[in-house]
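# Analysis of the macromolecular model
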Amino acid sequence: MKFTGSEHTRSFRIGLRGLLACGLAVLLLGTCDQAPIFDMISREVKPREPRIKGVPTKMVVFNRVSSGTEWGMYVADSSLHRYAKNAGGTADWDEGDIPQPPGDDIFDLAATDACLYALVNVDSPKLYRFDRTNWTEVGFASGNDGYSRFQVIYGECDSKGKPVSGNLYVGARNSSGAYAVFSTGSTGSLTRLGSATGLLTGAAYDGSSNHYISTEGGGVYQVSGSSATVVSNTSGLSVTGMIQINDSSPVKIIALCGNGDLYTVSGLGATKVGNAGITLTGGAAVWTDGAATPTTLLLLAVRSSASVSNSTYGYREIVLSSGALPANPSVKEPGTAPSTVDDNKRYRDTIEPKPVNAILQAPDEIDASRVLFASVQGRGTARDNTDGGLWSYRPRSGVNQWNAEE
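Described below are features of the structure shown in this document.

## Brief notes about the overall build of the chain
Secondary structure assignment for the chain yields 3 helices and 28 strands. Counting across all 406 residues of the chain, residues that qualify as buried make up 47%. Counted over contacts in the chain with a minimum sequence separation of 6, partners at least 24 positions apart contribute 46%.

And the structure:
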């Protein structure tokens, strides 16, 4: 084919413009600010395999000795683990003697001021008590009224998770799917708590004369001996958890509802103080920065469903005011100071996609660094053991991050 002079010149110019454009693009790529790219890379967190795998129990705090202090944080998967100070004063795992309870597959833990309790054998549940010397099975004072299948156990704890009474509460189910609550009280044997119904979700004590339990569907009950009286304004509520948020008098107790409502509980009454604007799944903890004038946060495990197949989890924060929950509290994502974490995006990339079943900051008596722990449930998104297990917020590779506890 023969080109005329003008056609050849036009083709040449088009090709030359294309080459110049490509060259300019390469030059711009080579000289543009790479900081955002490196920033993204620096925020990436490689998942680690957890020491405690699967779906761990909630974490409980227990003093191993009756005289003196030998505090430890206990958690279990199929077996019992203990996090405590070693001889050098640094917190470490499985430090000291950790006798395992009889049976297999521990699926819940709780503690009182004198005993550590474990639910074992999920297919045929049994309750065992460790009195700092031996494990023994806990029986009923006068029968179980048909509620033979244990579900969950709770003790009464202060804001740090340390037990404050000798009471243990046990949620049980019968063959028809109905729920009841039992308590060890002062006898050590299980006694049914009157008319308390609904799945047991928490317990608390105000340090004076009021003992409380919370249930899904039954609301909050005040417990006295073997009787349970519904706290006003809570009847029928789906209360997913309950927590003591301060340790000075008057003690303040908060009930958390699945629909996001937050109630303060006092005497035989409860007052709604606000709504979190998100589903509260029940896990809660009080976190402090440990400063001379400390900042304290209430941490709440949550679930937010944008659609059936698209949910986010993790936890949210509320800044407490002098140990109290403010009216109409502002609920925020971690990452905005004051906060448990220093980077919101890293929080979103790590723990927010995971259901948090329980959360606890290790007390000073156990860990001077007050590491924050979470019992995380996997979602089937990983083929290895990095999907769930016990997680912690620690510096790793020079970066503060949520990741599996090793």
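## Topic: the pattern of salt bridges
Under the criterion given, the structure shown has 19 salt bridges. Here K53 and E49 are joined by a salt bridge, their closest N and O atoms 3.6 Å apart. Classification of K53 as partly exposed rests on a relative accessible area of 29%. Across the pair E333 and R316 runs a salt bridge, and its minimum N-O distance is 3.8 Å. Highlighted residues: E333 in the loop between β24 (315–319) and α3 (344–350) and R316 in strand β24, separated in sequence by 17 residues. Accessibility expressed as a relative area gives 9% for R316, which makes it buried. Because the salt bridges share partners, they merge into one network encompassing R316, E333, R348 and E352.

## Topic: the sheet that holds strand β2 (residues 71–76)
Strands in a sheet are paired, the pairing made by backbone hydrogen bonds, and the direction either parallel or antiparallel. Read across the sheet, 4 strands follow the order β1-β2-β3-β4 without closing on themselves; strand pairing throughout is antiparallel. In the strand order of this sheet, the two ends are held by β1 (60–63) and β4 (91–93), each with one partner. The average undirected angle you get between the axes of adjacent strands in this sheet is 30°. Bridging between β2 and strand β3 (residues 80–85) involves 4 bridges; their strand directions are antiparallel. Looking across to β3, one finds that Y74 is bridged to R82.

## What about the nonpolar core?
In this structure, L299, Y315, I351, I359, L372, A374 and W402 are the most contacted members of the largest nonpolar core, which totals 18 residues. Put simply, the parts of the chain that give this core at least two residues each are β21 (279–288), β22 (296–307), β25 (356–361), β26 (372–376), β27 (389–396) and β28 (399–404). Excluding its chain neighbours within four sequence positions, the residues that come into contact with W402 are V45, Y315, V341, T350, I351, L372, F373, A374, W391, S392, Y393 and R396.

## Things to note about the sheet that holds strand β18 (residues 253–257)
With respect to topology, 4 strands assemble into an open sheet ordered β17-β18-β19-β20, the strand pairing being antiparallel. On the outer flanks of this sheet lie β17 (239–244) and β20 (269–275), each paired with one strand and no other. Each adjacent strand pair in this sheet contributes to an overall mean axis angle of 25°, direction not counted. In this sheet, β20 lies alongside strand β19 (residues 261–266) in antiparallel orientation, the contact comprising 6 bridges. Within the sheet, the bridge partner assigned to V265 lies in β20 and is A270.

Criteria and cut-off values
Residues numbered from 1 in each chain as written. Predicted model: local features only at pLDDT ≥ 70, side-chain atom pairs only at ≥ 80, totals over all residues. Heavy atoms only, no water. Helix = DSSP H or I, 4+ residues; strand = E, 2+ residues; numbered from the N terminus. Buried < 20%, exposed > 50% of the residue type's maximum accessible area, 1.4 Å probe, protein only. Contact = heavy atoms within 4.5 Å. Salt bridge = Lys/Arg side-chain N within 4 Å of Asp/Glu carboxyl O. Pairing = 2+ DSSP bridges. Axes fitted to C-alpha atoms, helices over the stretch in contact; angles between N-to-C directions. Core = buried A, V, L, I, M, F, W, Y, C linked by side-chain atoms within 4.5 Å.

Purely geometric numbers; function is a separate question.
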